[in-house]
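Listed below are the residues making up each chain.
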Amino acid sequence: MADDLTVHIRGSDRFNPITYQGINRLISEDSAPDEVPLIMHEDGFESENESLTRKGVKKQGCLARLFCCSWKCCCSCCIAIHRCFTRSKELQPRTVWLGRKGPHEENYAANKIRNQKYNIITFLPVVLFNQFKFFLNFYFLLVALSQFVPSLRIGYLYTYWAPLGFVIFVTVCREALDDLRRYRRDKEVNSQKYKKLTPNGIVEVPSSDIQVSDLIYVEKNQRVPADMIFVRTTEKTGACFIRTDQLDGETDWKLRLAVSQCQRLPKDEDLFDIEANVFAEKPQKAIHSFVGTFSRVDGVKQQDPLGIENTLWANTVVASGTALGLVIYTGRESRAVMNTSYPHSKVGLIDEELNNQTKVLFIGTLVLSIVMIALKGFDGPWYRYFLRYVLLFSSIIPLSLRVNLDMGKIVYSFLIQRDKEIPDTVVRTTTIPEELGRVSYLLSDKTGTLTENAMIFKKLHLGTVAFGQESMDEMCAHLLTAFSQSKHGTGTPGATPAKRSTTRRTVVTRCYEAVKALALCHNVTPVYEDEDDSETVEADRDQNVNVVYQAASPDEVALVSWTESVGVALVKRDLTTMQLRTPQGELMLYTILQIFPFTSESKRMGIIVREEKTGQILFYMKGADTVMSTIVQYNDWLDEECGNMAREGLRTLVVGKKKLTEDQYNDFESRYNHAKLSMVDRGSKVAAVIESLERDMELLCLTGVEDRLQQDVRPTLELLRNAGIKIWMLTGDKLETATCIAKSSRLVGRTHDIYTFKNIANRAEAHLELNAFRKKNDSALIILGDSLDVCLRYYEHEFMELAVQCPAVVVCRCSPTQKAGIVNLIRTHTGKRTCAIGDGGNDVSMIQAANVGIGIVGKEGKQASLAADFSITQFKHVGPLLIVHGRNSYKRSAALSHFVMHRGLIISTMQAIFSSVFYFSSVALYQGILTVGYVTAYTMLPVFLLVLDQDVTPETAMLYPELYKDLLKGRELSFKMFFVWVLISIFQGGAIMYGALWLFSGEFIHIVAISFTSLIITELLMVALTIRTWHWLMVVAELLSLCIYVASLFIFDEYFDREFITTWPFWWKVTVITLFSCVPLYILKYLRKKFSPPSYSKLSE
């Protein structure tokens, strides 16, 4: 009976029965009952993150449910209509015929690139919508439109439409200019000429006219216009190099192979004499894989498998020779376009804070208008008077705030790019420079970001002996001995392997085998600057000739460069052969039978070669220790030495070898070719065949390569840590290497312990490990990506609560998707601002997910730099970027925002007093040119030049990074500071207006002259009070603004009485009122500086 009894899920409105039997089964799996949280779910248990989101959820009322249902129905209808009109064609595999349309011709996507946001029809509507969706702009649009109603008009139309029109005009011009630039770039790319091979000869066509099945020539250093199959090349080897830095961010050249059946034809025109087609998989995003087949359907019935090595993706660049390609994907179906990410528009925290304060000001405007109506009385058309009061007090919400802030951001970006301390820094997003001053978490990549991505060979371990940099001479001597024995036929390790198979191998033999394996097992190609067509000349090059090694991985280049330094040099490589030069200068020729490239899934690469001198077939493989440990023969030293090298900060590779007989290889080749022709699940079938060889391989050696730290990484990380910024390192490297780098770079402080999170696989293990981690206070956390996934699956809230308290966190074996997910988790759980920094294409998602993205122009290319908000050249530039420019930008914008608000509040206060004194009349105190001049010619320059103010010098800010901590509290733009400025505005507005009324005598125009002059001088004095470091431009702006106003006193006769303003009573009244409004604030500033000075003032003294 107990097993059939049901319980109901707590917190759910519906019954979801689960049996006690199910509960017992869940509890018994991997955990004890006291280790399992008690919150239930449909599947047995509910994650704590889900339970947290359900807290406080109340049952909805009828109206609420009705509204929600109606809203959902509307949304569903809109989505259905949108899908109906924008239904995209389902992508399918295709058969592309060589140089002609197929029998079942389809309409494929046009090969046009279009990055424009607008067209002629949508430009104005979309731009205006994007502007007026902001509360501030929409509010002023309504205010300006109200002036067309005669009963609501309170001033000249231009006083409302001129400022709004200026803001919209600037925005429209900026958007038009940006879109025009995009149009020109697109037009330049689309109109680029390419040579097309046709039955009638070669014709030139623009890129936009290229179609599927066209045969297109791509010359050296020319961009590939569409996704193509590489069919022929001018290179004799039948291969060419391409650069893919604009596609995947990697700067190393990639080797591409022409289709062998096409390359063997005598000339290009012969392609039209054969009947052939390419079967290609459906268009997809995967840029590192491709499945296809090249088939001859004429007299020669033959099929060749096509892989990634036979492709030329759009936006890559041919680096050698001239390539002829068959177009298979165009336009939006190409890999480059499908992988184009459209990052969301980033909005700074300062914009959100100011938006909230603007809403408070709007509420204040409504409240003040209601108070004025209540005091006036609800007689007559009171609602009309209410609207007139709202319009009169509309200056409380300053339209110029957005203009000043946007211009300020441009100035900050200009100052960043002109800073000589951080040369070549580029600001790609000018809307968020203040965010640099609010960063609480910095998430960094390791390779190429904290390190140089410049690989240096450091150590070779052979099991019984290890060779470091200090013992390379001994290695050279061993190799010289080994190759000398080979030359004289005196028992060389390579020549008589059968005789030595049962004897213990000497150190000389081990060195010989290890170095030969490293010199052969790679994808490196030597490139000489003085290329010669003669093979003999190339093979017999002098050893001093400069050679450049090209490979897809810097690790491989480091290994081949090292073998050259010890005497075994790679001198030539083509598609089928490889030549090595021995220490004696002899050439060793090898035939390349098969190559198995490195992939992120397999984590290893292999090669099968035949030594021409002996006829031996050798299978070499190298890869990560995690996968190679199960492939090589049993040993008792590999795991220990891998750990030792990782603790030294070295990247390790395990190298193995296996000898194959002719029968073994022939059998493998047959199965391998059959698997490569499969169009269904080709990858897994090929991998299964290769794995049949990867058994019981002989362990040759373990290599250690160092990736050096970038310049000044240690002091930069210490600077950021002292500034209160917590640093997380997200890397795909192994745990031991990441731990070592974290220690050597001082990512983990000297006083902090390190807690290494155990590898977990289920909920119970995660529960126990989190409990253990909770007891470790103030410890840096190091965790594997797989363990992190398990924790986030079951205990997201609890894990993040503990992790964000750590002084530093290192996540190892982390994928690009995980990096972006971690950024979003920190933003969600803490609400703090995040900054992500990286240098490779795998960091782009993380950079775009963070509040601030910083890209480093490094050896992995410019993809991260182009996708980032800020581009730098070295990691050490992060310090000045955040500590100096970020801090200054935030403090300057905060001061500017408060002052612009103060400028609107003070004149609104004067308007309210004026209306209340004069029988609550809804008449503007200052009209026409005075209102416009107040926010432009008279005060604009001094107020805007607050963007050049600084409280401390850059040197002081870098010396005392603790100053940055104050910004993280958000006090500069807090509501407390906001209301302080509101009180200052009310005080000064009241002092000026009541002073003018008290000293009033004569005509009304005298009140305008006295109060307005006092207002202008007060604003200029308040700028002087707010400024912390005087700049010569500020002095000029103050004097220029004062001179402009004094001149206008004598120009605008309709607003000022020229005879009155030249009298002594006018000036002494203005002086008294101005002093009364400003002197108390100067006294308060002096007292605060004396008895409670801010931290920056102590340092400046």
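Each value, and the rule that gives it
- Residues numbered from 1 in each chain as written.
- Predicted model: local features only at pLDDT ≥ 70, side-chain atom pairs only at ≥ 80, totals over all residues.
- Heavy atoms only, no water.
- Helix = DSSP H or I, 4+ residues; strand = E, 2+ residues; numbered from the N terminus.
- Buried < 20%, exposed > 50% of the residue type's maximum accessible area, 1.4 Å probe, protein only.
- Contact = heavy atoms within 4.5 Å.
- Areas by Shrake-Rupley, 256 points an atom, 1.4 Å probe, with all protein chains shown as cover.
- Salt bridge = Lys/Arg side-chain N within 4 Å of Asp/Glu carboxyl O.
- Pairing = 2+ DSSP bridges.
- Axes fitted to C-alpha atoms, helices over the stretch in contact; angles between N-to-C directions.
- Core = buried A, V, L, I, M, F, W, Y, C linked by side-chain atoms within 4.5 Å.
- pLDDT = per-residue confidence, 0-100.
- Phe/Tyr/Trp six-rings, centres within 6.5 Å; stacked < 30°, edge-to-face > 60°.
- Expected span 1.5 Å × (residues − 1).
- Bend = angle between axes of the 7 residues up to and from the residue.
- Patch = residues over 30% accessible without salt bridge, like charges linked within 9 Å, V, L, I, M, F, W, Y side chains within 5 Å.
- Lys, Arg positive; Asp, Glu negative; His and termini not counted.
- Charge placed at Lys NZ, Arg CZ, Asp CG, Glu CD.
- Parallel < 35°, antiparallel > 145°, perpendicular 65-115°, else oblique.
- Left-handed = near helix turned anticlockwise from the far one by under 90°.
- Nonpolar A, V, L, I, M, F, W, Y, C, P; charged D, E, K, R; others polar.

In this section: the overall build of the protein. Within the protein, the secondary structure is distributed over 39 helices and 35 strands. Within the span of the protein, comprising 1101 residues, buried residues form 52% of the whole. Pairs at least 24 apart in sequence give 72% of the contacts found in the protein among residues at least 6 apart. When the accessible surface of the protein is split by element, carbon and sulfur atoms take 57% of a total near 51,800 Å².

Before going further, it helps to spend a moment on the pattern of salt bridges. Scanning the entire structure with this criterion turns up 32 salt bridges. Asp-214 is the salt-bridge partner of Lys-196, the closest N and O atoms lying 3.3 Å from each other. In this pair, Lys-196 is assigned in strand E4 (residues 193-198) and Asp-214 in the loop between strand E5 (201-206) and strand E6 (215-218), connecting sequence segments 18 residues apart. Asp-214 gets classed as buried once you look at its relative accessible area, which sits at 7%. A salt bridge links Glu-691 to Arg-604; the shortest N-O distance between them is 4.0 Å. Here the residue Glu-691 occupies a position in helix H21 (residues 682-691), and Arg-604 occupies one in strand E25 (residues 604-611), the gap between them amounting to 87 residues. Residue Glu-691 is classed as partly exposed on the basis of its relative accessible area, which comes to 41%.

As a further point, take unusual backbone geometry. The backbone phi angle of Asn-315 is positive, close to 80°, even though this residue is not glycine. Within the fold, Asn-315 resides in the loop between strand E13 (311-312) and strand E14 (317-318). Even without a glycine there, the phi angle at Asp-424 is positive, about 65°. Within the secondary structure, Asp-424 is located in the loop between helix H12 (400-418) and strand E16 (426-427).

With that out of the way, let us pick up the pairing of strand E24 (residues 587-596). One ladder, built from five bridges, connects strand E23 (residues 577-581) with E24; its direction is antiparallel. Paired with Leu-580 across the strands is Met-588, a residue of E24. Remark: five residues form the turn of the hairpin made by E23 and E24, two consecutive strands paired antiparallel; Gly-585 in that turn has positive phi of roughly 90°. Of the pairings in the sheet, the one linking E24 to E25 comprises six bridges and is antiparallel in character. Each bridged residue has a counterpart across the sheet, and for Ile-595 the counterpart in E25 is Ile-607.

Attention now goes to the sheet that holds strand E34 (residues 852-856). The strand order across the open sheet formed by nine strands is E16-E35-E34-E33-E17-E29-E32-E31-E30, and the pairing between neighbours is mixed. Of all the strands in the sheet, the pair left with one neighbour each is E16 and strand E30 (753-756). Docked against the sheet, helix H29 (residues 878-917) engages strand E17 (439-444), strand E33 (833-838), E34 and strand E35 (870-872), running at close to 135° with respect to E35.

Okay, the nonpolar core next. Considering soluble globular proteins, one finds that nonpolar side chains tend to be buried as a cluster. Ranked by internal contacts, the top residues of the largest apolar core, which has 110 residues, are Phe-870 and Phe-875. With residues up to four places along the chain from it excluded, the contact list for Phe-875 reads Leu-442, Ser-444, Thr-449, Leu-450, Gln-710, Val-713, Thr-716, Leu-717, Ile-837 and Ile-856. By size, the runner-up hydrophobic cluster in this structure holds 49 residues, among which are Tyr-512, Ala-514, Tyr-620 and Leu-700.

In this section: the sheet that holds E14. What the three strands build is an open sheet, ordered E9-E8-E14; its pairing is antiparallel. Taken across any chain shown, the strands that pair with only one partner, and hence form the sheet edges, are strand E9 (254-257) and E14. Sheet analysis places strand E8 (residues 239-243) next to E14, joined by two bridges and oriented antiparallel. Each bridged residue has a counterpart across the sheet, and for Arg-243 the counterpart in E14 is Val-317.

This part takes up the confidence of the model for the protein. Per-residue confidence for the protein gives a mean pLDDT of 82, with 86% of residues at or over 70. The low-confidence segment residues 494-504, where pLDDT is below 50, has 10 contacts with residues more than four positions distant or belonging to other chains. Counting contacts from residues 531-542, a segment whose pLDDT is below 50, to residues more than four positions away or on other chains yields 17 contacts.

Turning our attention to the environment of Leu-145. With respect to the secondary-structure elements, Leu-145 resides in helix H5 (residues 135-146). For Leu-145, a relative accessible area of 41% translates into the label partly exposed. Separated by 15 residues in sequence, Leu-145 and Tyr-160 have C-alpha atoms that sit 8.9 Å apart.

One pass over the structure, following the stated rule, counts 35 aromatic pairs. When the centroid spacing of 6.4 Å and the interplanar angle of 80° are considered together, the rings of Tyr-755 and Phe-757 count as edge-to-face. Across this residue pair, the class does not change: Tyr-755 and Phe-757 are buried. Ring pairs connect the aromatic residues Tyr-926, Tyr-934, Tyr-938, Phe-1012, Tyr-1045 and Phe-1056, which therefore count as one cluster.

Turning next to H29. Every α-helix winds through 3.6 residues per turn, so residues three or four apart in the chain are directed the same way. Taking 1.5 Å per residue, 40 residues should reach 58 Å; H29 reaches 57 Å between its end C-alpha atoms and fits that length. Its maximal kink placed at Gly-886, H29 deviates by approximately 30°. Once H29 finishes, Tyr-919 follows within two positions and takes phi at roughly 60°, a positive value.

On to a positive patch on the surface. A grouping of Lys-965, Lys-969, Arg-971, Lys-976 and Arg-1088 is seen on the molecular surface, where their side chains present a positively charged patch. Following the sequence through the fold, Lys-969 ends up in the loop between helix H33 (963-968) and helix H34 (975-998).

Burial analysis of strand E26 (residues 617-623) places seven of its seven residues in the buried class, the great majority of the element. Here E26 shows a buried face lined by Ile-617, Phe-619, Met-621 and Gly-623 and a second buried face lined by Leu-618, Tyr-620 and Lys-622. Inspection of the sheet shows E25 paired to E26 by seven bridges, in the antiparallel sense. Following the sheet pairing, Arg-610 is matched in E26 by Ile-617. Linking two consecutive strands that pair antiparallel, namely E25 and E26, is a turn of five residues; a positive phi of about 80° is found at Gly-615 within it. Both E26 and strand E27 (residues 650-660) contribute to a ladder of seven bridges, which runs antiparallel.

Glancing now at the packing of H12 against H29. It is the contact of H12 with H29, at a shortest axis distance of 10 Å, that shows an interaxial angle of 160°. Our classification of the angle between H12 and H29 gives roughly antiparallel. Note on packing geometry: the crossing formed by H12 with H29 is right-handed. Residues Ser-400, Leu-401, Asn-404, Leu-405, Tyr-412, Leu-415 and Ile-416 of H12 lie in contact with H29, whose contacting residues are Leu-881, His-885, Ser-889, Arg-892, Ser-893, Leu-896, Ser-897, Val-900, Met-901 and Arg-903. Taken together, the residues that form the contact of H12 with H29 break down as nine nonpolar, six polar and two charged.

Among the secondary structure elements, Met-940 is positioned in helix H31 (residues 940-944). Here Met-940 falls in the partly exposed class, since its relative accessible area comes to 36%. Sequence separation of Met-940 and Ser-400 is 540 residues, and the distance between their C-alpha atoms is 9.3 Å. Discounting chain neighbours no more than four positions away, the residues touching Met-940 are Arg-903 and Val-935.

Once that is clear, we can look at a nonpolar patch on the surface. Where nonpolar side chains cluster on the molecular surface, the patch consists of Leu-1075, Val-1079, Ile-1083, Leu-1084, Tyr-1086, Leu-1087 and Phe-1091 and spans about 720 Å² of accessible area. Relative to the elements of secondary structure, Leu-1075 occurs in helix H38 (residues 1064-1091). Residue class for Leu-1075 comes out partly exposed when judged on its relative accessible area of 48%.

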